[in-house]
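For reference, the chains in residue letters:
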Amino acid sequence: MVKENETFPCDLILLSSNRGDGTCHVTTASLDGESSHKTHYAVQDTKGFHTEEDIDRLHATIECEQPQPDLYKFVGRMNVYSDLSDPVVRPLGSENLLLRGATLKNTEKIFGVAIYTGMETKMALNYQSKSQKRSAVEKSMNVFLIVYLCILISKALINTVLKYVWQSKPFQDEPWYNQKTQSERQRNLFLRAFTDFLAFMVLFNYIIPVSMYVTVEMQKFFGSYFITWDEEMFDEEAGEGPLVNTSDLNEELGQVEYVFTDKTGTLTENNMEFKECCVEGHVYVPHVICNGQVLPDSSGIDMIDSSPGVSGREREELFFRALCLCHTVQVKDDDNVDGPRKSPDSGKSCVYISASPDEVALVEGVQRLGFTYLRLKDNYMEILNRDNDIERFELLEILSFDSVRRRMSVIVKSATGEIYLFCKGADSSIFPRVIEGKVDQIRSRVERNAVEGLRTLCVAYKRLIPEEYEGICKLLQAAKVALQDREKKLAEAYEQIEKDLILLGATAVEDRLQEKAADTIEALQKAGIKVWVLTGDKMETAAATCYACKLFRRNTQLLELTTKKIEEQSLHDVLFELSKTVLRYSGSLTRDNFSGLSTDLQDYGLIIDGAALSLIMKPREDGSSGNYRELFLEICRNCSAVLCCRMAPLQKAQIVKLIKFSREHPITLAIGDGANDVSMILEAHVGIGVIGKEGRQAARNSDYAIPKFKHLKKMLLVHGHFYYIRISELVQYFFYKNVCFIFPQFLYQFFCGFSQQTLYDTAYLTLYNISFTSLPILLYSLMEQHVSIDMLKRDPSLYRDIAKNALLRWRVFIYWTFLGVFDALVFFFGAYFMFENTTVTSNGQIFGNWTFGTLVFTVMVFTVTLKLALDTHYWTWINHFVIWGSLLFYIVFSLLWGGIVWPFLNYQRMYYVFIQMLSSGPAWLSIILLITVSLLPDVLKKVLCRQLWPTATERTQNTSRQLQDRISEFTSLASLRSPSYQNNDLTSPSAIEPSSHSEKVMLTFWNNKEYLVLPPIFGLSKNYCSSSSRHYYHGSSLETPV
């Protein structure tokens, strides 16, 4: 037994409920994200069992299929045994199955029997195991580290081999003052070589940037706070801000190529609103605004032509009755209902509940037009008409909605004995079955509403004579009790019944998009990101939303890969036909690989449903290892947008996995708000949960959580962009400065007989990565902004510059490595040649090896720090403090380290070395000269590349810099004050205010041309100049270039 508001602990067959008709209502928000109420039905023979004693007396067996993950499919049967007769066989379908994770609503209690438990439940079969996520930058770091490990081993091997080649001559390594003992000479050669190899490994091990991993973790941890501190991503309405559940994937936000988004609650607010209805060509809008006045409780305002005549009035009322009767809405007379909304504009507190929010919106909308649906009691539907009279209709049959038919019907009997079939559905499924009615007028209105992104439905009817109804009953009964191909037989029966209809009209309902959802998707597409919508909703609903949020555009040609299409043709034929369509012009025209948006090529959008996806994912019948996945992926690559509807949670994860492991291995991001989205959030490289109405499961299982879908734009285009730029520079810089550090040590071995003598003092070896060069790069990786935030939001295409891990490719890595080698050669040989010619100081002392090493180290510290300063675009006082402070700290430390005799040291080899070096003029000259020569190639490369082959980011930097320069040229001129200053020539009212004397130059746009409006200064008249070519501002012999 399960009580109201409790969650079902396993998959149950509904035996009975406290309701007389054996129905119950459930919400499945944790399964498919839909918060609306769904109706389930008890088995016919057991719905009268209302106590535990009744259930105990039941003797029955259930046969059902093996556990399947499909939430919307179930096939089984129940054999009910009695003492007197053979068992009664009742078919079981998904309408009898209560799924684990769903919640009982609007029903006091139910009795059920468990069929799937534990990991066999449909909810458990849709679980996705949590995997360890690692960013592309982290993978690149590890690969680069292996390269440097190979370089380390190579250096140690080369030095070891060369040492023994050099020592091959007798007594080569035995100077007269340091001869070897007899035991040392007789020592095993291989053991000596191995010992020397390990010694060289220890000497050169600093090339492995161990401190880089520490710095990267610090950068990720501190950098993640920039998201949580972002005030623009705080939602005032919900009182929520963004959450960072893991900081390991910050830079991955700047590499996203595919976004997989849920629809309900993520793109939309899941809040339907009835907008209008069209009856016989006349449009009715509840609460219509006429001449700026709101007309409440309007019985219908004719928006096109004059009000309908007498016959039109009958059709109008029949249309409203159809909307009141053709639905599965339930009514609860209680204000305290979880989820559904109270009916507006009515004194009654009736609350509508339905599996579809559309149906609730339609019933509420028609209530505002004068017809109120009251309740369903004892199989009679009651409605209140415009005259406040209650009309009762007996509900005879419900032909329920399915995604293939795309319509639903009810057969009702009025109080006068007339039998009606009311049918509502998508225009494509209603119009072909209509034989009468104003089809053209209604079709044009439907098309207009569809273009505006409204969800449209058409309504039709026909009268049935009693003999015709009896035939329909027999046809339906035969289909319902069939155990084999039940769905197919029901579909054939529905097809025969729903024909020869008379068209009444159409409705338009708006599922409100979240604020700026369309702008966000448009920006993501401009940034080169492909957006896929994965939803459990039906196809028409999802397609309408995709049009509204600009995923599909007016010129988008929609391609369908749905169950209906596959029933008409084989899957093989459909796939090859679609492939031929999208690849028709691929030989002559190229599609934008990043955005999927075409220039000359036809813009395609693909729609696929869950059943079709299952067929694609299944191996071919001929047993071949390949299947249709590659062909499906090829079609998807050439479509600008893809919509996947009727998706189970596990299928969403399968789609993400399919793209994730495709040939290109793109970076994927999944975003959703419900528990049904958890599987795809866990599967994608980056998972983002929307803190919405569907609970916190998505937010808890995600890597990041945001209050609204619109915040995804800033998270990717700004935060993701900055994170990637910063950490990629950090990684490359660490490898570069370690090459600069250790390569001179490698070269030094050629001049010291491969004796493992260190070039630098021990203190310098220890503090190089810890103190002298660590803080500047850490601060850079936290604060660098190579382009302003506003520019990144304004121009999403800048995101493409960093796509595909652009800044950590092999070409860039090799450039940084060779730059480090070049700088190391300059440090070492520059100092070497300087020492060769000037080995004596002014007081006659000779420079030693520690002075040589200190000179190399000094040049190196200054060069790597200034290299970072050259790469910094965004200067703050913190950058200045850290960069110049690091250099100052090195100088102060060296003076102290060499200026005091430290009693705790066994050696005093650095005493007075640094001060002695600085007392030499040639040392100063060589430091300045070597730093300049070291930085020159990088500066030249930057200048040439920026001028000859600028990236979009560099062009943006140049533009913004030029704009700032132009404004600064005029600012000083415009802010001058003088007694002779006159502003009488200004014609605008705002310009004649006293404060306008310090007015700065304004940038104005007129007719797509940019103008500079300059305030008159020293009696100059107001002038305008176009920026389309080089012009000048003339006046009073002043000429300023613009």
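Residues numbered from 1 in each chain as written. Predicted model: local features only at pLDDT ≥ 70, side-chain atom pairs only at ≥ 80, totals over all residues. Heavy atoms only, no water.

1. With respect to the side chain of K652
Phase 1: You can see K652 is positioned in helix α21 (residues 649-660).
Phase 2: A relative accessible area of 1% places K652 in the buried class. (Helix = DSSP H or I, 4+ residues; strand = E, 2+ residues; numbered from the N terminus. Buried < 20%, exposed > 50% of the residue type's maximum accessible area, 1.4 Å probe, protein only.)

2. Observations concerning the packing of helix α25 (residues 762-772) against helix α29 (residues 849-871)
Phase 1: Running from amino to carboxyl end, α25 crosses α29 at an angle of 10°, the nearest separation of the two axes being 12 Å. As summarised for this structure, α25 and α29 are arranged roughly parallel, according to the angle between their axes. Between α25 and α29, the residues in contact are Y764, Y768 and F772 and T854, F857, M860, V861 and V864, respectively.
Phase 2: A per-class count over the contact of α25 with α29 returns 7 nonpolar, 1 polar and no charged. (Axes fitted to C-alpha atoms, helices over the stretch in contact; angles between N-to-C directions. Parallel < 35°, antiparallel > 145°, perpendicular 65-115°, else oblique. Contact = heavy atoms within 4.5 Å. Nonpolar A, V, L, I, M, F, W, Y, C, P; charged D, E, K, R; others polar.)

3. Here we look at a nonpolar patch on the surface
Phase 1: On the surface, V214, M218, F221, F222, Y225, F226 and W229 cluster together to form a nonpolar patch covering roughly 680 Å² of accessible area.
Phase 2: Broken down by secondary-structure element, the contributors of at least two residues to the nonpolar patch are α7 (210-223) and α8 (225-228).
Phase 3: A per-element tally of the nonpolar patch places α7 first, with 4 residues.
Phase 4: Considering the arrangement of structural elements, one finds M218 in helix α7.
Phase 5: On the basis of relative accessibility, which here comes to 32%, the residue M218 falls in the partly exposed class. (Patch = residues over 30% accessible without salt bridge, like charges linked within 9 Å, V, L, I, M, F, W, Y side chains within 5 Å. Areas by Shrake-Rupley, 256 points an atom, 1.4 Å probe, with all protein chains shown as cover. Salt bridge = Lys/Arg side-chain N within 4 Å of Asp/Glu carboxyl O.)

4. Quick word on the pattern of salt bridges
Phase 1: In total, this model carries 40 salt bridges according to the counting rule given.
Phase 2: As a salt-bridge pair, K708 and D235 come within 3.7 Å of each other at their nearest N and O atoms. Of this pair, K708 sits in the loop between β33 (704-706) and α24 (711-748) while D235 sits in the loop between α8 and β11 (243-244), and the two are 473 residues apart along the sequence.
Phase 3: Via salt bridges that share partners, E630, E634, R637, R663 and E664 belong to a single interconnected network.

5. A short note on the UniProt feature "transmembrane region" (unreviewed entry) in the protein
Phase 1: As annotated in UniProt, the feature "transmembrane region" (unreviewed entry) corresponds to residues 143-166, 197-216, 813-835, 847-869, 881-905 and 911-936 in the numbering used here.
Phase 2: Its end C-alpha atoms 31 Å apart, residues 197-216 is made of 75% helix and 0% strand.
Phase 3: In this annotation, residues 911-936 is assigned 85% helix and 0% strand; the end-to-end C-alpha distance for the span is 34 Å. (UniProt positions renumbered as here; feature names shortened; annotations may be inferred.)

6. Concerning the packing of helix α4 (residues 136-166) against α24
Phase 1: Two elements in contact, α4 and α24, have axes whose closest approach is 12 Å; the angle formed by their N-to-C orientations is 5°. Between α4 and α24, the crossing angle belongs to the class labelled roughly parallel. Facing α4, whose interface residues are V137, M141, F144, L145, Y148, K155, I158 and N159, α24 presents Y724, I727, V731, F735, V739, I742, F743 and F746.
Phase 2: Of the residues belonging to the contact of α4 with α24, the class tally is 14 nonpolar, 1 polar and 1 charged.

7. Structural notes on the sheet that holds strand β1 (residues 2-3)
Phase 1: Pairing is antiparallel in the open sheet, where 4 strands are placed in the order β1-β10-β2-β8. Looking at which strands have only one partner, the edges of the open sheet turn out to be β1 and β8 (97-98).
Phase 2: Here 2 bridges tie strand β2 (residues 11-17) to β8, and the two strands are oriented antiparallel to one another. Looking across to β8, one finds that L12 is bridged to L98. (Pairing = 2+ DSSP bridges.)

8. Some thoughts on the UniProt feature "binding site: Mg(2+)" (unreviewed entry) in the protein
Phase 1: Listed under "binding site: Mg(2+)" (unreviewed entry) in the UniProt record, and renumbered for this structure, are D262, T264, D673 and D677. Over a stretch of 416 residues, the named residues converge on one spot in the fold, their C-alpha atoms separated by at most 10.8 Å.
Phase 2: Structurally, T264 is set in the loop between β12 (258-261) and β13 (268-279).
Phase 3: Overall, T264 belongs to the buried group, its relative accessible area being 7%.
Phase 4: Judged by relative accessible area, D673 falls into the buried class, the value being 2%.

9. Section: helix α19 (residues 610-617)
Phase 1: Of all the residues in α19, the buried ones are G610, A612, L613, I616 and M617. Buried residues along α19 cover an arc of 155° about the axis, so they all sit on one side. (Arc of directions from axis to C-beta.)

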